[in-house]
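# An overview of the molecular structure
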Amino acid sequence: MTKLLRTLTTTGMAACCMWAMLASPLCAQEAASPTPSVPAASAPAAPAPTPTLEQRMAGLEAYLTNGDPTVPLKGKDGNIPNGLTAPSVGTPGPGHNAWMMTSSALVLFMTLPGLALFYGGLVRKKNALSVLAQCLGITGLVTILWWAFGYSLVFGKSFNNPFYGGSEFFFFNGVTSAPNTDYAYWVSQNVYAMFQLMFAIITPALIVGAIAERMKYTTLLIFIGCWMFLVYFPMAHMDWGITGFMNGIWNSNSTVKAIDFAGGTVVHMTSGWSALVLCLILGPRLGFKKEPMPPHSMVLCMIGTGMLWVGWYGFNAGSAVAADVIAANAFTTTTITTATASFTWGIIEKIFRGKASILGFCSGAVAGLVVITPACGFVNATGAVILGVVAAALPYLAVSKLKAALGYDDALDTFGVHGIGGMTGALGTGLLATKAVNSNLKDELLAPLFLSQCAEILVTLILSTAATAVIALVLRGVIGLRPSPEVETAGLDLSEHGEEAYID
């Protein structure tokens, strides 16, 4: 037994030695091979900073005051910590957005059907449909131009130019429901773009009043297309664009520190002075001063005036780009000036002509709307009454005296009401604006404001008249401005559109 144990022990030891000898090269190889490194665990990403309850509440308060929701997030250095944001940042506010969509619809209502019926009622019945067709054609043409280039040229900034905006929004690239904070913290950019489109539509449509009953439809649309690029787009950018030449409030580097709340120069002076030049180049209607040319329907004129008045609340109060205290002031002053001007025009007619006409009341109302447009967000109620009286007096003189003295055929008094009225409003704004109404007005802006308004008027007048003359003269030489005398005598409705407004 002892011998057996000794044998097993010896055999086991030999087997172990043999295994050690066989395993030693592998062990040596493994020992020589580098040990695979275990990748170090990456440090966890730092969580994004979270706004405090106070910061979130302050962002909501900014919505109520139409303020910047990012201000509560900024540190002492004026910067926002990387990654810090709040739900109120970059989000349109429901109330402000709703008001701006409503305002956009109201401004379109001014053109279709307001201006169309106002002008349509003032022409002879053989040309009533031509005015409606011109308003519809301009609406479609300008919408396409606005989508492709206009919005970007007015409200872009990639050109860093005081006269044209930029190309970043061509074809509405990037125009989404998020706000463009260069112009509004709480309104979707696509809504803002639509609101401004309605301004772009009605401005050239106003020119129709001066050349009514005597311009070829195709030529008019080509003229308007050129006019938008040479007059409206640069003028709107100069006054309202973030890098604009005459944007006195929002562009600290502007050359002319002027203000135009809703378009006294951009809309009314450009269209009014352009209308004067175009009607001079076009010449008077056949039979002008030789045969009576009364309005065919004062009822339509009155209906159109009422629609313009109602729509103008979107035009003026909407230009606050928020449902805020400035919009409320614009709403109030628009009402007061318009009613005052309409009443005053009627009184003037009663005194000097013995009768207060419906046409006079309507003309006074539109003149009041025009004059208060640049001032509505800057003047108080007393200033609105003053502007209402002036809005009746000066355009009345332009329509009844200046037009007769110079002998031009401004068929529907576009120049007298919009050209003179827009200029009157711009000057009145320079005299009556107060920072008690609009806190964006600072003392350094108010001190030289009247002179700045004069400079703005001069720029507008030169640009509008010069560009209009060039476009009109080129078109007259290339394709002609007027239809044949036979067509004009028969009326534009049948000749240009193959329809009649009234079937006898």
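Calculation rules
Residues numbered from 1 in each chain as written. Predicted model: local features only at pLDDT ≥ 70, side-chain atom pairs only at ≥ 80, totals over all residues. Heavy atoms only, no water. Core = buried A, V, L, I, M, F, W, Y, C linked by side-chain atoms within 4.5 Å. Buried < 20%, exposed > 50% of the residue type's maximum accessible area, 1.4 Å probe, protein only. Helix = DSSP H or I, 4+ residues; strand = E, 2+ residues; numbered from the N terminus. Contact = heavy atoms within 4.5 Å. Axes fitted to C-alpha atoms, helices over the stretch in contact; angles between N-to-C directions. Parallel < 35°, antiparallel > 145°, perpendicular 65-115°, else oblique. Left-handed = near helix turned anticlockwise from the far one by under 90°. Nonpolar A, V, L, I, M, F, W, Y, C, P; charged D, E, K, R; others polar. Patch = residues over 30% accessible without salt bridge, like charges linked within 9 Å, V, L, I, M, F, W, Y side chains within 5 Å. Areas by Shrake-Rupley, 256 points an atom, 1.4 Å probe, with all protein chains shown as cover. Salt bridge = Lys/Arg side-chain N within 4 Å of Asp/Glu carboxyl O. Disulfide = S-S within 2.5 Å. Polar contact = N/O pair within 3.5 Å; in protein donor to acceptor, adjacent residues only side chain to side chain. 1 Å grid on protein atoms, 1.4 Å probe; cavity = no way out; pocket = protein on both sides within 12 Å on 5 of 7 lines; lining within 4 Å. Points joined across faces, edges and corners; volume = space filled by probe spheres on them.

## Examining the nonpolar core
Core analysis: the largest hydrophobic core is formed by 120 residues, its most contacted members being Phe118, Trp146, Tyr151, Phe223, Met228, Tyr232 and Phe315. Sorting elements by how many residues they give to this core places helix α5 (residues 189–207) first, with 13 residues. In this structure, Phe315 is in contact with Val107, Met110, Phe195, Phe199, Ile202, Ala262, Val267, His268 and Thr373, ignoring residues within four places of it in sequence.

## Some thoughts on the packing of helix α3 (residues 94–122) against helix α4 (residues 128–155)
To describe two helices that pack against each other, one gives the angle between their axes and the distance between the axes. Between α3 and α4, the shortest axis-to-axis distance is 8 Å and the interhelical angle comes to 160°. Our classification of the angle between α3 and α4 gives roughly antiparallel. The crossing of α3 and α4 is right-handed. Facing α3, whose interface residues are Leu108, Thr111, Leu112, Ala116, Leu117, Tyr119 and Gly120, α4 presents Ala128, Val131, Leu132, Cys135, Leu136 and Thr139. Residues belonging to the contact of α3 with α4 are distributed by class as follows: 10 nonpolar, three polar and no charged.

## Quick word on a nonpolar patch on the surface
On the surface, a nonpolar cluster with roughly 420 Å² of combined accessible area is contributed by Ile222, Val470, Val474, Val478 and Ile479. Residue contributions to the nonpolar patch peak at three residues, all from helix α14 (residues 449–478). Within the secondary structure layout, Val478 lies in helix α14.

## A few points about the pattern of salt bridges
All chains considered together, the criterion is met by nine salt bridges. Asp409 serves as the salt-bridge partner of Arg214, at 3.9 Å between the closest nitrogen and oxygen. Separated by 195 residues along the polypeptide, Arg214 in the loop between α5 and α6 (217–240) and Asp409 in the loop between α11 (381–406) and α12 (414–432) bring together distant segments of the chain. Residue classification places Asp409 among the buried positions, given a relative accessible area of 2%. Asp409 is the salt-bridge partner of Arg285, the closest N and O atoms lying 2.9 Å from each other. Separated by 124 residues along the polypeptide, Arg285 in the loop between α7 (264–282) and α8 (298–317) and Asp409 in the loop between α11 and α12 bring together distant segments of the chain. Here Arg285 falls in the buried class, since its relative accessible area comes to 8%. Among the charged side chains, a network of salt bridges with common partners joins Arg124, Glu213, Arg214, Arg285, Glu291 and Asp409.

## What to know about the state of the cysteines
As used in these notes, a disulfide is a covalent bond between sulfur atoms, one from each of two cysteines. Here the structure, examined in full by the defined rule, presents zero disulfides. Cysteine Cys362 shares no disulfide, and the gap to the nearest cysteine sulfur, in Cys301, comes to 4.3 Å. Judged by relative accessible area, which is 2%, Cys362 ranks as buried. Cys454 provides the cysteine sulfur closest to Cys376, a residue in no disulfide bond, and the two sulfurs are 20 Å apart. Judged by relative accessible area, Cys376 falls into the buried class, the value being 0%.

## Examining the side chain of Thr243
You can see Thr243 is positioned in the loop between α6 and α7. What makes Thr243 buried here is its relative accessible area of 15%. In this structure the side chain of Thr243 is engaged in a polar contact, spanning 3.0 Å, whose partner is the backbone oxygen of Asn161. In contact with Thr243, not counting residues within four places along its chain, are Lys157, Asn160, Asn161, Pro162, His237 and Asn251.

## Considerations on the layout of surface pockets
Each pocket or cavity is described by its volume, and for the largest pocket that value is around 840 Å³. Forming the walls of the largest pocket are 34 residues, and the residues nearest its centre are Tyr183, Trp250, Ala320, Val321 and Asn440. Elements represented by at least two residues in the lining of the largest pocket include exactly α5, α6 and α9 (325–353). The element best represented in the lining of the largest pocket is α5, accounting for four residues. Reported here for the second largest pocket is a volume of approximately 720 Å³. Lining the second largest pocket are 34 residues, with Leu359, Val399, Lys403, Ala411 and Asp413 positioned closest to its centre. At the level of secondary structure, the elements contributing two or more residues to the lining of the second largest pocket comprise α3, α9, α10 (358–372), α11 and α12.

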